[in-house]
Amino acid sequence: MIVVHASFPIDPEYREEALAEIEDLAEQSRAEDGMLDYRATTDVEDENVVRFVERYEDEDAFAAHSKTDHFTEFLTALSDWLAGDPEILRFEVDSMSEVEL
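Calculation notes
- Residues numbered from 1 in each chain as written.
- Predicted model: local features only at pLDDT ≥ 70, side-chain atom pairs only at ≥ 80, totals over all residues.
- Heavy atoms only, no water.
- Helix = DSSP H or I, 4+ residues; strand = E, 2+ residues; numbered from the N terminus.
- Expected span 1.5 Å × (residues − 1).
- Buried < 20%, exposed > 50% of the residue type's maximum accessible area, 1.4 Å probe, protein only.
- Arc of directions from axis to C-beta.
- Contact = heavy atoms within 4.5 Å.
- Pairing = 2+ DSSP bridges.
- Axes fitted to C-alpha atoms, helices over the stretch in contact; angles between N-to-C directions.
- Salt bridge = Lys/Arg side-chain N within 4 Å of Asp/Glu carboxyl O.
- Lys, Arg positive; Asp, Glu negative; His and termini not counted.

Novice: What's the story with helix H1 (residues 15-30) in this structure? I'm lost.
Specialist: For an α-helix, the turn length of 3.6 residues means that residues three or four places apart are oriented alike. In this model H1 runs 22 Å from its N-terminal to its C-terminal C-alpha over 16 residues, within 8% of the 22 Å that 1.5 Å per residue would give. Residues Arg-15, Ala-18, Ile-22, Leu-25, Ala-26 and Ser-29 constitute the buried set of H1. In a view along the axis of H1, the buried residues occupy a sector of 100 degrees, so they form one face of it. Turned more than 90 degrees off the buried face of H1, the exposed positions are Glu-16, Glu-23 and Glu-27. The inward-facing, buried residues of H1 abut strand E2 (35-42), strand E3 (49-56), helix H2 (59-66) and helix H3 (69-81).

Novice: In this structure, what is going on with the sheet that holds E3? I would like to understand it.
Specialist: Judged by pairing direction, the sheet is antiparallel, and its four strands sit side by side in the order E2-E3-E1-E4 without closing on themselves. Unpaired on one side and paired on the other, E2 and strand E4 (87-92) mark the two borders of the sheet. The sheet shows a mean angle of 10 degrees between the axes of neighbouring strands, taken without regard to direction. On top of the sheet, H1 reaches E2 and E3; it is set at about 165 degrees to E2, its chief contact.

Novice: Is there a simple way to think about the pattern of salt bridges in this case?
Specialist: Pairing of side chains with opposite charge becomes possible as their charged atoms draw close. Applying the stated criterion across every chain, the model contains five salt bridges. The residue Glu-16 makes a salt bridge to Arg-15 at a minimum N-O spacing of 3.1 Å. Among the residues examined, Glu-16 registers a relative accessible area of 57% and is labelled exposed. Among the ionic pairs, Arg-90 bridges to Glu-92, the shortest N-O distance being 3.2 Å. Linked by salt bridges that have partners in common, Glu-59, Arg-90 and Glu-92 make up one network.

Novice: Got a minute to help me understand the side chain of Glu-32 in this structure?
Specialist: In this fold, Glu-32 is placed in the loop between H1 and E2. Summary of buried charges: Glu-32 has no salt-bridge partner, and the nearest side chain of opposite charge, Arg-30, is 10 Å away. Once you skip the residues sitting within four places of it in the chain, Glu-32 turns out to touch His-65, Thr-68 and His-70.

That is the geometry; function is a separate question.
Here it is in structure tokens:
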């Protein structure tokens, strides 16, 4: 499984536009083959930071996502919305289990 955690600082001027597009991106991404989960949320400490948590079955699913129209359109728009450098981390996970609180 591949897990991606990405953080994007969004210019407050473009926040509403960005959030609408991100909501659409997340919905379309969750429908992709090989997508286990795809979530986007705003940071509770900084409402202008959007964080993504993405889980893919494998490398093929990850590669296919990066070629979709909705993702490439998001990347094009993202350059106008950014207020700083994004942080994108990729993890290759061999196993996963739920944690009880």
